[in-house]
Amino acid sequence: MKLTTEAKQEIFEKHGLAKSKTDTGSAESQIALFTTRISDLTEHLKTHQKDFSTRLGLLKLVGKRRRLLNYLQKNDIERYRAIISELGIRK
């Protein structure tokens, strides 16, 4: 399911570095957006097991989120720990 603009702005305001609706570029905002999309796609795949194109998109999103998390971990460990605990991502 596609995220509406309002839902995206709410995610950016809640999880972004600047805590504003227009903070779309910070790593925290992107990770939060990817996490929301990943959970939506995971729910979709629970009912549609043979949807391989969605599975490929899910794996690409997981890889993008992993790269952003690695970037945060290398450059600012406190921001990394904060976003991990805030979103409940395990690693």
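Every value quoted in this text rests on a predicted model; they were computed, and no experiment measured them. (Residues numbered from 1 in each chain as written. Predicted model: local features only at pLDDT ≥ 70, side-chain atom pairs only at ≥ 80, totals over all residues. Heavy atoms only, no water.)

**So, the overall build of the protein chain**
Then, number 1: Within the protein chain one finds four helices and zero strands.
Then, number 2: In terms of overall size, the protein chain behaves like a compact globule, its C-alpha atoms giving a radius of gyration of 14 Å where 91 residues would be expected to give roughly 12 Å.
Then, number 3: Each principal axis of the C-alpha distribution contributes one length, and for the protein chain these read about 40 × 30 × 20 Å.
Then, number 4: A sequence separation of at least 24 residues applies to 43% of the contacts in the protein chain between residues at least 6 apart.
Then, number 5: For the protein chain, the computed accessible surface area is about 6,300 Å², with 54% contributed by carbon and sulfur atoms.
Then, number 6: Measuring between centres, the 19 positive side-chain charges of the protein chain sit 9 Å from its 11 negative side-chain charges. (Helix = DSSP H or I, 4+ residues; strand = E, 2+ residues; numbered from the N terminus. Rg over C-alpha atoms; globule rule 2.2 N^0.38 Å. Contact = heavy atoms within 4.5 Å. Areas by Shrake-Rupley, 256 points an atom, 1.4 Å probe, with all protein chains shown as cover. Lys, Arg positive; Asp, Glu negative; His and termini not counted. Charge placed at Lys NZ, Arg CZ, Asp CG, Glu CD.)

**Some details on the packing of helix α2 (residues 27–47) against helix α3 (residues 52–75)**
Then, number 1: Contact geometry of α2 with α3 gives a least axis separation of 9 Å together with a crossing angle of 155 degrees. With respect to each other, α2 and α3 are oriented roughly antiparallel. Here the hand of the crossing between α2 and α3 comes out left-handed. Touching A27, E28, Q30, I31, F34, T35, R37, I38, L41, T42, H44 and L45 of α2 are T54, R55, G57, L58, L61, V62, K64, R65, L68, L69 and L72, all from α3.
Then, number 2: Here the residues of the contact of α2 with α3 sort into 12 nonpolar, six polar and five charged. (Axes fitted to C-alpha atoms, helices over the stretch in contact; angles between N-to-C directions. Parallel < 35°, antiparallel > 145°, perpendicular 65-115°, else oblique. Left-handed = near helix turned anticlockwise from the far one by under 90°. Nonpolar A, V, L, I, M, F, W, Y, C, P; charged D, E, K, R; others polar.)

**Let's talk about the packing of helix α1 (residues 5–15) against α2**
Then, number 1: Across the interface, α1 lies against α2 with an axial gap of 9 Å and an inter-helix angle of 130 degrees. For the element pair α1 / α2, the angle class is oblique. Our pair here, α1 against α2, has a crossing hand that is right-handed. Mapping the contact onto sequence places K8, I11, F12 and H15 in α1 and E28, S29, A32, L33 and T36 in α2.
Then, number 2: Tallied by class, residues from the contact of α1 with α2 come to four nonpolar, three polar and two charged.

**A few points about the nonpolar core**
Then, number 1: Listed in full, the eight residues of the largest apolar core are A27, I31, L69, L72, Y80, I83, I84 and I89.
Then, number 2: Sort the elements by how many residues they give to this core and helix α4 (residues 77–87) lands first, with three residues.
Then, number 3: Those residues within four positions of L69 in sequence are excluded, and the remaining contacts are I31, Y80, I83, I84 and I89. (Core = buried A, V, L, I, M, F, W, Y, C linked by side-chain atoms within 4.5 Å. Buried < 20%, exposed > 50% of the residue type's maximum accessible area, 1.4 Å probe, protein only.)

**So, α4**
Then, number 1: By the burial criterion, the buried members of α4 are Y80, I83 and I84. Down the axis of α4, the smallest arc covering the buried residues is 100 degrees, so these residues share one side. For α4, the exposed residues set more than 90 degrees away from the buried face come down to E78 and S85.
Then, number 2: The inward-facing, buried residues of α4 contact α1, α2 and α3. (Arc of directions from axis to C-beta.)

Don't take any of this as a statement about function, it's just geometry.
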